[in-house]
Structures are given as C-alpha cells and as structure tokens.
Amino acid sequence: MAAGIASTSLRLAATHLLADDVSRLKYVSGTREEALRRLGIERVGDLLLHVPRRYLDFTHALTIEAAPLGEVATIVAVVDRVTLKRPRPRLTVVEVSLVDETGVLEAAFFKQPWLAQQLAPGDRLALIGKVEFSYGFKRMTAPHFEKLDGDSLAGSMVPVHPVGEGISVAWMRRIVAGALERTTVTCDPVPAGLRARRGLMSEGRALRAIHFPNDAAERGAARSRLAYDELLFLQLALRLRNRDGLLGVTPVAHTPASHVARLRAALPFALSDEQERACEEILADMADGSRVMNRLLLGDVGTGKTAVACVALAAAADTGTQAAVMAPTGVLAQQYAQKCGPLLDAAGISWTLITGSTPASERAAGTRGLREGTVSVAFGTQALLSDDVAFRRLTLVVIDEQHRFGVGQRGALRTKGPGADLLVMTATPIPRTLALSVYGDLDASIIRRRPVPGAGVSTKVLTDANRDIAYTAIREALRAGERAYVVCPLVDRSDKGDTLDDATGWGSGEGEGSRAPLHDVATEAAEIARVFPEAQVASLTGPMPAAEKDAALAAFRTGEVQILVSTTVIEVGVDVPEATVMVIENGERFGLAALHQLRGRVGRGKLPGRCFVIMQGAAGSRSRAEERLRALERTEDGFALAELDLRLRHEGEILGFRQSGGVTLRFVDLEADVELIEAAHGDAEDLLARSPALEDPKDAALRAEVVARYGDVLREVSGG
C-alpha cells in the first residue's frame, strides 16, 4: 500500500506542497515523524492519500434524555466520574459516568483498565452505542467513543485514520487537517469538461472531503472521484503499455484461407455457437489492417479455448507468417503441443515445441526453422524469450494465463514480432466489472458453456474425520480401471507454502486453519502408497526436473501410474480423461479459482468426476473458509463462483496484481461501481482516440499522473 500512496505524491512536481517531505508539516517531528514513515508516509501527497478506515457519524447527536432505548445512538456528554473495578480475577471494568444538560449516562468498558488513566472528569466525549436502561440510568456497554479534546467535532463526520505506534488517531487527524489547510491542488489531472460530464467533484475538494466530509453523501462523492481516478489511470496505463512500441508499425492483415478450412475440418467436433462467435471476432481483428489485435479469450474450464486458438494459428499460417504460444508451465506447453499438433499437422502447418527440457538437437532444429521461416508455430514456455529464439516474421502472439507472467515477460515475446496481434487466454472466470477494470485494454471474447459436455464433476467438502469417504471413492475408481489425483499445498515439509496464495487463487482462507498441519507431496505420497498398496503412486511438483515431470505425467496418462500426488502444478490444462477422482488436502488454504481449476481436471470425458475437498477444523463452523468451500458444492459455474468471491472479498488479489507492478484498486467497489467502471473504460478509449500517446500539451497533467502511478509500466512511454 505504501508504494501506491507514494506514487500519488510524485504526480506533479509543481503542485504546492504535495512533493514536500512530511517533516515540513506542523506537528510532525520526533516520534510522530518516525511513526508516519513506518506507515509509508514520506511526503505530503502520501499523507493526503492515507484515508480514514472508517468514520464516526456525529451529525445526528442526541441528548441523553432524547436517546431512544434499545437503539444505537450518538451522544455527546462530559465525563463526571471514572471508576476502575475488579469484580473477579482477570476481569476489569471501567465505569464512566457522563452528564449533559438533560441527564446522566453510564458507560462500561470491560478488560480495558488503561482507560481509567486516559479519561478524567471534564473530558468531553462523543459516544456511539446501544442505549439500555438499568438501575435507574441509561447505559451503554462498550460503546465506541472519541475524546473531543476541545475540538468542535460534534455534529460532524469524524475520521478514524489507520495509525501505528507513536501516533494516535487524534494526532493523525490534526496533522491531516493541517496539511489540507496549507495545500492547494492547482492542477487537476482530469479535464474540467470530463469532470462536468461525469458529475465529479474536483480532486482538491475530493481529498478534503474524503478526510473531513460534512455528511455521508459528500464522503461518497469524494470516494467516487478517487475511485474514478484509479480506474481511468489504470485504463490509460494498460492501453499505453500495449500501444507502446505499436505506434508507427504497420499491422498485418491476416487472410484466412486453406489452412483455416483444413484445420476446421480436422476438429473432432463441431464448434459451439460461442466458439464460432469467438473465432469470428478474432479473425475479424486479425484481418483488420488498420490496428493491431489486443483480445482476451475468456473461458471456463473445459470450454474449448484451445480449438479457437488453433483457428487463429491457422490464420497466421495462411498469411505466410508465424505464431507463438507461451504457456506458464512446461507441462501445459507440452500438452498444447500434444493437443494442437495433430490438428496443425492435418492442416499442413509446421510447428515446434521449445521448453527448458527440450533436447538440444530438437531445440536447434526448431529455432533454425523459426529463424528461416520453415516452421510456422512455436509452442513453449519462457524459453521462447531466450536470445536463440528468433522469428522470421512473427505476427501472432498467444499468451495463456497471462497473469502468471510479469509485464516484462509478456512484452519481451511481443517485441520479437513488432506489430504482432495479441491473443490472451485465461481459464480463470472473471467478474465482468473486474474484467473491464483490469483487462479493459483488451477486447473480450467469452465462452461460458462446454462445446462437448463431459460427464461433469460433483464436489463434496469433508473434514479430516471423514476422509474415508474420499478414500472409498479412490478404491472404487481403481477397481474400475480409472485414476485419481491427490493434491497438497506443499512440496515437502521444508516448503514455506509460497504456493498457497496462487496467482489465480482469488485469495486463500485468510489464515483460517493456518495452525493446522499442512499436507506435503513427499509425505502424502508415502501415506497414499501405504493406504493403497494395490496402486502405483507417483509424485508431481513444480521444482521437479522437467524430464521427471514429463515422465510422471506420461505414466499417469498411460495407466502405468494410477494415483498422482501433486501440487497445483496440474491446475491448468492437464487432461487425462481416465482420471475421475480428486482429493484436495487443506482445501481451506486454496482460493476458489484454484479449487475450481483443480476439480476441472476430472470429469472431462464420458466418465463422471468426483472431487473431495478436505478442510481442517470442524464442519458447521460457518467460517468464511467453509462458506467459500460450500459454494463449490452448489455450482460448477466458474463465473458464478467469481461473482460470489467478489462479494466475499476485495478484488486486490483476485488476479495476482502483485505480479503486475503492485496495481490495486483501493477506492473501487467492483460490485457497486459498475457505472463508474464503464464510464472510466469509455473515457480512456475516447482520450486515447484523440491523443494516442497523450502527447497533446493539454493532456500533460493526465500523462504526468499516469507516469507517476505506473512509471515502471510506462518507462518507454514516459521517456524514462
């Protein structure tokens, strides 16, 4: 969060005070200065974006006499007496008697003995709590209160800022107020006409109102303005990143012909209506010689994105140019080659596979073919970024699960073919508002339904006490000649668990059950081999050498191995139709997306799949973790799960923003801000249609804001 706050203060060097060090502000020195810096507040601009975590609404304060019984009320009164009582060992109660012109209020605070020293007769307090009546007086138990310290805060919205050791809420409020008094934002980065059309307050007013609103409506308007800024500048940054290096290039007008027709004929099934529509949109983009394609192909597990991508590969071959498909893992890259290769062969399209485990002789032949232009399609991992991989004429780049790659990796592949069309694929279902926000620079093609429905997968959440249900399912599968996965969060006991919050995970259980032992592949494989002596058991983890991973998967596919104990390395793309049972250990430690992707590995063919998610702790605890897991039992719709997860959590980690330069949306409510998101999306398009690189002098403030927030992403655009 500190990085996001600091970026704002760098926005406009000429803006009065925003770039000044906080030590120049009134009240900031010594312990308070150290406390601010520990919070990541270095400059005045950082401080102004250090917004309250909540507000105390004293706009409707009542007298003690008028406060209704049984309801939550706000009362401003003066402390008359403070008494510390110890009714029994290890229990303290601070009783505070307060008075106003209408009566007496008793307030009780349990296990907070320090309040007896902090409060004194004559202190003026504002309290919010439920009003009750007993022993002849109105009472509040554990109300929230603020000491007014002589400031006239009654009748206002009082901010409560995040603080730390060395600085109190009251001092933070006083320092922020002082900064606002001395600061005048002289250059609003959003054009006045745009603000007027969207009904947005000025940035200066929004910063003041987000800290000290007159009422809830003004606070909401301030948040909307700051949220709009986040959305607009993220959209501009994403678009400028994609356009950087594309300005001045001549897009290729791909012309689908015989290769596309032959590939379609080779498909073992007819494309669904959604697949056909996706193909039409992609081919139309590729045929447009006026602009470079930037398209997202979004489809749930098993919806047939690969077949659509193959049509795009064939279109590049029809133009006599080349295509590259980059996958996040060697397992997935190899599977692309195995699934797409026969289709490309049938269409007369040459291809090669380049990963870290490709034998030297095969790699040399493949890179030579790409360099000379005799090979049309390259499947691979980050190995495609190596210096020895060069293309004669690369015009189509396909990135699978792009959020697993850093910005630099995606850009590096695209630079091997200046002006190449980009097709991004993901099997992570994304709520529409999040897709507009984070993938808003890409046109979207969405496939929701499976073209060839499989038998499906049923999901059941278990506890450790009834794991025998899962083991019985494995035995039944083995007797039927089928196969099973067992998934663990850790590689071995020394593993620190870095994979728990997978980039596609939509967050983990947020620490719930974190003290329970975590299952690791090494220990689990030995235990599974003991429990199922009749089966051959193999392990598969990310750190394994590529050759060993390939061998383990090959043995599982052929049936030589019947049970595969794995980490989430199998999460995306692994396709073994005979695998019908999956057991996921420590299910509460995985995100919904990861679990949904994992269970998509079974039930892919004619045989029904069963997935058992084993969580630590007792069932029926109604924890957030269990609520998330129970949702998996109710639906196989990944998009419905995505929407549910968005309601349960903030969006910040849903798409692994940590891999995208720390991008996050601090003010945006993705569920409530649909209209705001669509507005910012459209405004970014309009601004760049008029000024493709924000080079117009009147867009200087816009450009400066984008560079300040996303300088690393826009190094070349900003001239840095």
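Bear in mind the structure is a predicted one, so any value in this text is a computation, not a measurement. (Residues numbered from 1 in each chain as written. Predicted model: local features only at pLDDT ≥ 70, side-chain atom pairs only at ≥ 80, totals over all residues. Heavy atoms only, no water.)

J.: Explain the nonpolar core residue by residue, including any values.
T.: Formed by 53 residues in total, the largest nonpolar core has its most connected members in L47, Y228, L232 and L236. Residue assignment for this core shows that the elements contributing at least two residues are α2 (30–38), α3 (44–48), α5 (169–182), α7 (203–211), α8 (216–243), α22 (674–690) and α23 (700–710). The biggest single contributor to this core is α8, with 12 residues. In this structure, L47 is in contact with L25, L36, I41, M172, I175, V176, A179 and H211, ignoring residues within four places of it in sequence. L271, A316, A317 and A337 belong to the second largest nonpolar core, which has 41 residues in total. (Core = buried A, V, L, I, M, F, W, Y, C linked by side-chain atoms within 4.5 Å. Buried < 20%, exposed > 50% of the residue type's maximum accessible area, 1.4 Å probe, protein only. Helix = DSSP H or I, 4+ residues; strand = E, 2+ residues; numbered from the N terminus. Contact = heavy atoms within 4.5 Å.)

J.: A description of helix α9 (residues 258–266) should follow, citing residues and the corresponding values.
T.: Every buried residue of α9 is accounted for by H259, V260 and L263. Taken end-on, α9 shows its buried residues confined to a sector of 100 degrees, consistent with a single buried face. Buried residues along α9 sit against α11 (305–318) and α12 (330–346). (Arc of directions from axis to C-beta.)

J.: Can you tell me about the pairing of strand β22 (residues 609–615), naming the residues and giving the values?
T.: Looking along a regular strand, one sees the side chains alternate between the two faces of the sheet. Burial of β22 is extensive: six of the seven residues sit out of reach of the surface. The pairing of strand β17 (residues 457–463) with β22 spans seven bridges and is classified as parallel. The partner of V461 across the bridge, within β22, is V613. With four bridges joining them, strand β21 (residues 579–584) and β22 adopt parallel strand pairing. Along β22, the bridge assignment pairs V581 with R610. Once you follow β21 into helix α19 (residues 592–599) and on to β22, the crossover reads as right-handed. (Pairing = 2+ DSSP bridges. Right-handed = clockwise from strand over helix to strand, strands pointing away.)

J.: So, the packing of α5 against α7: which residues are in play, and what are the values?
T.: Packing of α5 against α7 brings their axes to within 11 Å, and their N-to-C directions diverge by 160 degrees. With respect to each other, α5 and α7 are oriented roughly antiparallel. The two elements α5 and α7 cross, and the hand of that crossing is left-handed. Taking contact as the criterion, the partners of V176, L180 and E181 in α5 are, on α7, L207, R208 and H211. Its residues assigned to classes, the contact of α5 with α7 shows three nonpolar, one polar and two charged. (Axes fitted to C-alpha atoms, helices over the stretch in contact; angles between N-to-C directions. Parallel < 35°, antiparallel > 145°, perpendicular 65-115°, else oblique. Left-handed = near helix turned anticlockwise from the far one by under 90°. Nonpolar A, V, L, I, M, F, W, Y, C, P; charged D, E, K, R; others polar.)

J.: Please provide a residue-by-residue account of the sheet that holds strand β11 (residues 322–326), values included.
T.: In space, the seven strands of this open sheet follow the order β12-β13-β11-β14-β15-β10-β16, with parallel pairing throughout. Of all strands in the sheet, those with a lone pairing partner are β12 (351–354) and β16 (443–447), marking the two edges. In this sheet, neighbouring strand axes are inclined to one another by 15 degrees on average, regardless of whether the strands run parallel or antiparallel. Taken together, the five bridges between strand β10 (residues 294–299) and β16 define a ladder with parallel strand orientation. Its bridge partner being in β16, L297 is matched across the sheet by S445. Sheet strands touched by helix α10 (residues 273–287): β10, β14 (394–400), β15 (421–426) and β16. Its angle to β16, the strand with the most contacts, is close to 160 degrees.

J.: Please give an account of the side chain of E524 that cites residues and values.
T.: The residue E524 is located in helix α17 (residues 521–531) in this model. No salt bridge is formed by the buried E524; the nearest opposite charge belongs to R467, separated by 4.6 Å. If sequence neighbours within four positions are ignored, E524 has contacts with Y471, V486, C488, H519, V565 and E585. (Lys, Arg positive; Asp, Glu negative; His and termini not counted. Salt bridge = Lys/Arg side-chain N within 4 Å of Asp/Glu carboxyl O.)

J.: Which residues make up the pattern of salt bridges, and what values do they have?
T.: Evaluated as defined, the whole model comprises 26 salt bridges. The salt bridge involving D20 is made with R24; its shortest N-O contact spans 3.4 Å. Residue R24 is classed as exposed on the basis of its relative accessible area of 54%. With its nearest N and O atoms 2.6 Å apart, the salt bridge here joins D21 to R37.

So, to be careful, I would describe these as geometric facts and stop short of saying anything about function.
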